[in-house]
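Chain residues, written in single-letter form:
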Amino acid sequence: MTPKRVLVLWWSQSGQLRSVAESFARPFSEAGHDVALLELEPVTAFPFPWKVSTFFGVFPETVLDRPAPIRRLQLPPGEWDLIVLTTQVWFLSPSQPFAALLSGPDRGIFLGKRVITLISCRNMWIRGWRRLVGLVQAQGGIVTDRIVATQGGPVFASYFTTLAWMLTGKRDAIKALPSAGLGADTLVRVAGIGAIAAERLGAEPRGGPPAPLLADLQTASVSYPHAFGEQLVGSLFPLFARIISAVSRPGSLVRDVSAVAMLCFILSAVIGLFVPFVIGELLFRPWVDPWLDRLATLPVA
Ligand SMILES: Cc1cc2nc3c(=O)[nH]c(=O)nc-3n(C[C@H](O)[C@H](O)[C@H](O)COP(=O)(O)O)c2cc1C
């Protein structure tokens, strides 16, 4: 075993992403690697729980890659053999703190480095993950693997339970539905994948090419009807974001009104389009599912 230097970057509001990062990182430390677990720090903290106005108020800047800044990373000196980005998805885009990292003064750390993306979100991850990979690649990073931890249980219910969790801070805000967030079994699965990655990283000679560590493992899953909906509805998001950003500033009255309009749009899209997307995916499965599988897989062009 040759010990390597591993940087695990994370940021979390509820603590969920922190648990995911720690679950993945622990086996690396146990295997003898030198692990730095580092939290991103937004200059101005995002609210949690959110209000409708603040939650949907961050929509335009998130979708248009105009993130609020984060503080400089306090990095231990030296080179990294592996960087792990433990990232959430916001509005089918990378969350703002990670978009800020990848466009801010510390973006140089990715140049020529092997990167594993460790996504944790409700369920819709493909577009946000692809955008994240694009941002890493733009900084010269080499994304070799992706792990995705999504909420279990019925996906349709998770639209409502996750929104209620974000707006109240309580995972069980809707008592009649399963609690929002990741189950303990998912953290165990993430730790298991971390253990395999740690062992394989240790078996590599120092200074070798940045090869995939997990290519033979199932490290993500796709809920096809929802992912189909994500691709079609998500393609409208940049247009909506441009319009809202052209007519309003964050925190303004117009932005608050547009936040309520976005809430209404999202709820009507979920309720009104769920059945059409289930039927569409069923009818066109031989074309739709392989397309989605391609979008969800490396390499991302
Ligand atoms: C503003 C906002 C937008 C979100 N959009 C999505 C989304 O598009 N897809 C998704 O699966 N989850 C979405 N989520 C859920 C997050 O990805 C994540 O699971 C949740 O915020 C927990 O992360 P935390 O550890 O930072 O609390 C969103 C959350 C927030 C706050």
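Criteria and thresholds
Residues numbered from 1 in each chain as written. Predicted model: local features only at pLDDT ≥ 70, side-chain atom pairs only at ≥ 80, totals over all residues. Helix = DSSP H or I, 4+ residues; strand = E, 2+ residues; numbered from the N terminus. Rg over C-alpha atoms; globule rule 2.2 N^0.38 Å. Buried ≥ 20, exposed ≤ 12 C-beta atoms within 10 Å, placed from the backbone. Contact = placed C-beta atoms within 7 Å. Near = placed C-beta within 6 Å. Nonpolar A, V, L, I, M, F, W, Y, C, P; charged D, E, K, R; others polar. Axes fitted to C-alpha atoms, helices over the stretch in contact; angles between N-to-C directions. Parallel < 35°, antiparallel > 145°, perpendicular 65-115°, else oblique. Pairing = 2+ DSSP bridges. Right-handed = clockwise from strand over helix to strand, strands pointing away. Core = buried A, V, L, I, M, F, W, Y, C linked by C-beta atoms within 7 Å.

(A) Expanded view of the overall build of the protein. The helix and strand inventory of the protein stands at 11 helices and 7 strands. A compact globule built from 301 residues would reach a C-alpha radius of gyration of about 19 Å, and the protein, at 19 Å, matches this within 12%. Structurally, the protein occupies a C-alpha span of about 55 × 45 × 40 Å along its principal axes. Out of the 301 residues belonging to the protein, those deemed buried represent 38%. Considering only contacts in the protein between residues 6 or more positions apart, those separated by 24 or more positions represent 81%.

(B) Here's a closer look at the environment of Met 1. Mapped onto the secondary structure, Met 1 falls in the segment before strand S1 (5-10). What makes Met 1 exposed here is the crowd of 12 C-beta atoms within 10 Å. Sequence separation between Met 1 and Ser 258 is 257 residues, and the spatial gap between their C-alpha atoms is 55 Å. In this structure, Met 1 is in contact with Ala 31, Gly 32, Gly 202 and Ala 203, ignoring residues within four places of it in sequence.

(C) Summary view of the site of the ligand. Around the ligand, a shell composed of 20 residues is seen, among which Ser 12, Ser 14, Leu 17, Cys 121 and Arg 122 lie nearest. For the shell around the ligand, the elements supplying multiple residues, two or more each, are helix H1 (16-30), strand S4 (89-90), strand S6 (114-121) and helix H6 (155-168). Looking at side-chain class alone, the shell around the ligand contains 11 nonpolar, 8 polar and 1 charged residues.

(D) Summary view of the packing of helix H8 (residues 224-234) against helix H11 (residues 285-295). Interaxial distance between H8 and H11 falls to 10 Å at its minimum, and their mutual angle equals 75 degrees. In terms of their interaxial angle, H8 and H11 are classed as roughly perpendicular. Judged by residue contacts, Tyr 224, Ala 227 and Phe 228 of H8 engage Val 288, Asp 289 and Leu 292 from H11. Looking at the contact of H8 with H11 residue by residue, the class counts come to 5 nonpolar, no polar and 1 charged.

(E) Highlighting the pairing of S1. In terms of burial, S1 is largely enclosed, as 5 of its 6 residues are buried. The pairing of S1 with strand S2 (residues 34-39) spans 6 bridges and is classified as parallel. In the sheet register, Leu 7 faces S2, and the bridge partner there is Ala 36. What joins S1 to S2 is H1, and the crossover it makes is right-handed. Relative to strand S3 (residues 82-87), S1 runs parallel, the two sharing 5 bridges. Within S3, the position partnered with Trp 10 by the bridge is Thr 86.

(F) Fine view of the sheet that holds S3. Judged by pairing direction, the sheet is parallel, and its 5 strands sit side by side in the order S2-S1-S3-S6-S7 without closing on themselves. The sheet is open, and its two borders are formed by S2 and strand S7 (142-150), each paired with just one other strand. Each adjacent strand pair in this sheet contributes to an overall mean axis angle of 15 degrees, direction not counted. Across the sheet, helix H5 (residues 126-138) lies against S3, S6 and S7, angled at about 155 degrees from S6, the strand it touches most.

(G) Summary view of the nonpolar core. Formed by 73 residues in total, the largest nonpolar core has its most connected members in Val 8 and Val 84. Setting aside residues no more than four positions away along its own chain, Val 8 makes contact with Ala 21, Phe 24, Ala 25, Val 35, Leu 37, Val 84 and Thr 86.

(H) A look at unusual backbone geometry. With an omega of -5 degrees, the peptide bond between Phe 48 and Pro 49 qualifies as cis. In this fold, Pro 49 is placed in the loop between S2 and helix H2 (52-57). Along the chain, Leu 298 connects to Pro 299 via a cis peptide bond; the corresponding omega equals 0 degrees. Relative to the helices and strands, Pro 299 is located in the segment after H11. Phi at Asp 65 is positive, roughly 55 degrees, even though this residue is not glycine. The topology assignment puts Asp 65 in the loop between helix H3 (59-63) and S3. By the C-beta count within 10 Å, which is 18 here, Asp 65 ends up partly exposed. In this structure, Leu 92 is a non-glycine residue whose phi angle is positive, near 60 degrees. By the element assignment, Leu 92 lies in the loop between S4 and strand S5 (93-94).

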